[in-house]
Amino acid sequence: MNDQKGIFCVYEFFYLEGMLACISSALTSAEAISRTYGESESELTQEQFLDCFQNIIQQAAAVSRYFWPSASPKSKHIELHRRRGAQLRAAFQINEDNPLKNRTLRNRIEHFDESLDIFLSQPIAGDFIPAYVGPAPKSGVPSHFFRAFFTDIGVFEVLGERYAMQPLYDEMSRLHDLLVACGRDGCRLPRETEA
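Note that the coordinates shown come from a computational prediction; the quantities given were computed from them, not determined experimentally. (Residues numbered from 1 in each chain as written. Predicted model: local features only at pLDDT ≥ 70, side-chain atom pairs only at ≥ 80, totals over all residues. Heavy atoms only, no water.)

K.L.:
Would you mind going over the pairing of strand E4 (residues 143-150) with me for this structure?
P.N.:
On a regular strand, one side chain projects to one face of the sheet and the next to the other, so that they alternate. By the criterion of burial, E4 is predominantly enclosed, with 6 of the 8 residues buried. Direction of pairing for strand E3 (residues 127-134) relative to E4: parallel, over a ladder of 7 bridges. Each residue of the ladder has a partner; that of Phe128, found in E4, is His144. Where E4 meets strand E5 (residues 155-158), 4 bridges bridge the pair, whose relative direction is antiparallel. Pairing of Ala148 across the sheet is with Glu157, part of E5. (Buried < 20%, exposed > 50% of the residue type's maximum accessible area, 1.4 Å probe, protein only. Helix = DSSP H or I, 4+ residues; strand = E, 2+ residues; numbered from the N terminus. Pairing = 2+ DSSP bridges.)

Below is the structure:
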């Protein structure tokens, strides 16, 4: 439970553990990708490879909500959520340019059914590719990907939305290290060092 100023100190542990669980899952998927990336005989199928990227995005979305809670005007606890988000952003030195804040691809994954309705309601010509891992197409017949990872540019695509994965991975790794350190340091949020 939060107090009027933010997260009550003895409850910080719950927020730390919640974020760490999401990030650990994402990094496990990243490790699976890394083990098989570029190998001619991968232990992952193309679909499993894309599933790993999708899991990273979904876990990043869950972590994002800790820092930027949903701002539903119907919530009677909106101020409580906003204070928590502000406190966590300050503690983890997260600014508004952070890759976790980008909600475009996150929403595309979380609301795939709705995105698919809209995507397919428009006249579309070209090739439809449900799953693809390889270099980005250079030219020719337009290609429409349900899910793709372009190995030459490090970009994940879902229904026309593209997202560079490296910045997201880097931020999740940074937060993982901070969260592990918090666990060693009494399960408290990071504190600014006093000069």
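K.L.:
Teacher, can you tell me more about the packing of aromatic side chains here?
P.N.:
The relative placement of two aromatic rings is captured by the distance of their centres and the angle of their planes. Following the criterion strictly, the structure yields 12 aromatic pairs and no others. With 5.4 Å between their ring centres and 40 degrees between their planes, Tyr132 and Phe145 make a pair best called tilted. In this pair, Tyr132 is assigned in strand E3 and Phe145 in strand E4, connecting sequence segments 13 residues apart. Judged by its relative accessible area of 3%, Phe145 is buried. By the ring-pair criterion, three or more aromatic residues cluster together here, those being Phe8, Tyr11, Phe13 and Phe14. (Phe/Tyr/Trp six-rings, centres within 6.5 Å; stacked < 30°, edge-to-face > 60°.)

K.L.:
Which parts of the structure should I look at to understand the pattern of salt bridges?
P.N.:
One side chain can pair with another of opposite charge once the charged atoms of both are near each other. Applying the stated criterion across every chain, the model contains 10 salt bridges. Between Arg162 and Glu157 there is a salt bridge; the shortest N-O distance is 2.7 Å. Under the relative-accessibility criterion, Glu157 is labelled buried at 6%. One salt-bridge network, in which partners are shared between bridges, spans Arg89, Glu96 and Lys101. (Salt bridge = Lys/Arg side-chain N within 4 Å of Asp/Glu carboxyl O.)

K.L.:
What should I look at first to understand the pairing of E5 in this one?
P.N.:
Burial of the side chains of E5 extends over both faces: Val155 and Glu157 are buried on one face and Phe156 and Val158 on the other. Taken together, E4 and the strand that follows it, E5, pair antiparallel across an intervening segment of 4 residues, in which Gly154 is found at a positive phi of about 65 degrees. Sheet analysis places E5 next to strand E6 (residues 161-164), joined by 4 bridges and oriented antiparallel. Pairing of Val158 across the sheet is with Glu161, part of E6. Taking the residues that link successive antiparallel strands as the turn, the E5-E6 hairpin has 2 residues, and the phi of Leu159 there is positive, at about 45 degrees.

K.L.:
What exactly am I supposed to notice about the nonpolar core here?
P.N.:
Buried together is how nonpolar side chains tend to be arranged in soluble globular proteins. Counting 46 residues, the largest nonpolar core has Phe67, Leu88, Phe92, Leu100, Phe156 and Met165 as its most contacted members. With residues up to four places along the chain from it excluded, the contact list for Phe92 reads Leu16, Met19, Phe67, Arg174, Leu175, Leu178, Leu179, Leu189 and Pro190. Ala136, Ala148, Phe150 and Val155 belong to the second-largest nonpolar core, a separate cluster that totals 5 residues. (Core = buried A, V, L, I, M, F, W, Y, C linked by side-chain atoms within 4.5 Å. Contact = heavy atoms within 4.5 Å.)

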